[in-house]
Amino acid sequence: MERLDKLLAATGRWSRREVKDLVRQGRVELDGQPAAAADVKIDPTAADIRVDGEALSYSRFTYLMLHKPAGVLSAARDSRQKTVLDLLPPELRRRGLSPVGRLDKDTEGLLLLTNDGALAHRLLSPKSHVDKVYYARTRGTPTAADAARLAAGLTLPDGLACLPAYLRVTGDGEVLLTLQEGKFHQAKRMLAACGTPVTYLKRLSMGPLSLDETLRPGEFRHLTQEEIAILGQCVGFTETDCQKNDNNFCEKYKKTLAKP
């Protein structure tokens, strides 16, 4: 059971104060009747909630795919610079979203935004080994020997030991680099250690989730239920985890578990 004002405020469309005004004005209906009070408790999965006649569907968590453009920070807030949250409309900025991992300010590509802390933690955990694929343009072209060094687990000049990474040359000064971790400036540092510094970097995928190329830089969309379920599967969420964390993808994920 959840409080009505908390549920409506969680949509990001209204503050709790505004919800109280809506209820007082009789503009909020529960199961066909005007809501008696803003703090009434309801079952959000069963109740028919309407505001000004518009039906609202309950969604505890939000999952967004953003095509991050260069020039913005992968942060929830910053007092001096524009962040990825500033690219969203006000109702989504109020949902408590955070980027799952970070892309450098000048790096483009796939960035997941969510308020599902359990899933974000699993995706970022080194234990999960969630692959991240980057397209890079480099000054010079890495060699087969460079690829072998990365695959063996490169230790950077500053002493940072990296997990094995996989490099594929796709053209003159163009590569695809697959990392199992996401340490500070890692893709750039590894390629620089090969003598081929990065001039452009774009993340193409994170685990099973690939950037929707119909999204232009700065644009976003909600993940599909199938995409959410696959993310849960890739980090090893079980039915027990779903029951404990009450993630949005649980029902879809349970169906995935049940498939032969």
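Here, the structure is the one placed above.
For clarity, every value in this text was computed on a predicted model and none was experimentally measured.

The rules behind each value
- Going along each chain's sequence as written, the residues are numbered from 1 onward.
- In keeping with the model being predicted, local features are shown solely for residues with a pLDDT of at least 70 and side-chain atom pairs are shown and tallied solely at 80 or more, while totals for entire chains, interfaces and linings include all residues.
- Side-chain numbers here rest on the full set of heavy atoms in the structure, without hydrogens or water.
- In this description, a nonpolar core means a group of buried Ala, Val, Leu, Ile, Met, Phe, Trp, Tyr and Cys residues linked to one another through side-chain atoms lying within 4.5 Å.
- Per-residue accessibility, obtained with a 1.4 Å probe over protein chains only, is compared with the maximum for each type, and a residue is labelled buried under 20%, exposed over 50%, and partly exposed between these values.
- Whether two residues touch is decided by their heavy atoms; if any such pair falls within 4.5 Å, the residues are in contact.
- Only strands joined by at least two bridges in the DSSP assignment are considered to pair.
- Every helix listed is a DSSP run of H or I at least four residues long, and every strand listed is a run of E at least two residues long, numbered separately from the N terminus.
- Contacts described as polar in this section are N or O atom pairs within 3.5 Å, which, within protein, must combine one atom able to donate a hydrogen with one able to accept it, while residues neighboring in sequence count only if both atoms come from side chains.

**Observations concerning the nonpolar core**
Burial of nonpolar side chains together is a common tendency in soluble globular proteins. Core analysis: the largest hydrophobic core is formed by 29 residues, its most contacted members being Leu150, Leu177 and Met190. Discounting chain neighbours no more than four positions away, the residues touching Leu150 are Leu163, Pro164, Ala165, Leu167, Leu177, Met190 and Cys194. The next biggest cluster of nonpolar side chains, apart from the first, holds 19 residues, and it includes Met65, Val100, Leu112 and Leu211.

**Here's the deal with the sheet that holds strand β6 (residues 54–56)**
Judged by pairing direction, the sheet is antiparallel, and its 4 strands sit side by side in the order β3-β2-β5-β6 without closing on themselves. Across the chains shown, the open sheet's two edge strands, defined by having one partner strand only, are β3 (33–34) and β6. Two elements, strand β5 (residues 49–51) and β6, share 3 bridges in a ladder whose sense is antiparallel. Note on β6: the bridge partner recorded for Ile49 is Leu56.

**A few points about the pairing of strand β10 (residues 132–138)**
With 5 of 7 residues buried, β10 lies mostly within the body of the structure. Bridge count for β10 against strand β12 (residues 174–179) is 6 bridges, and the pairing is antiparallel. Note that in β12 the partner of Tyr135 across the bridge is Leu176. Sheet analysis places β10 next to strand β13 (residues 198–206), joined by 7 bridges and oriented antiparallel.

**Quick word on the side chain of Glu181**
Following the sequence through the fold, Glu181 ends up in the loop between β12 and α6 (186–193). Of note is the side chain of Glu181, whose polar atom sits 2.6 Å from the backbone nitrogen of Leu163. Other than its neighbours up to four places away in sequence, Glu181 contacts Lys132, Ala161, Cys162, Leu163 and Gln186.

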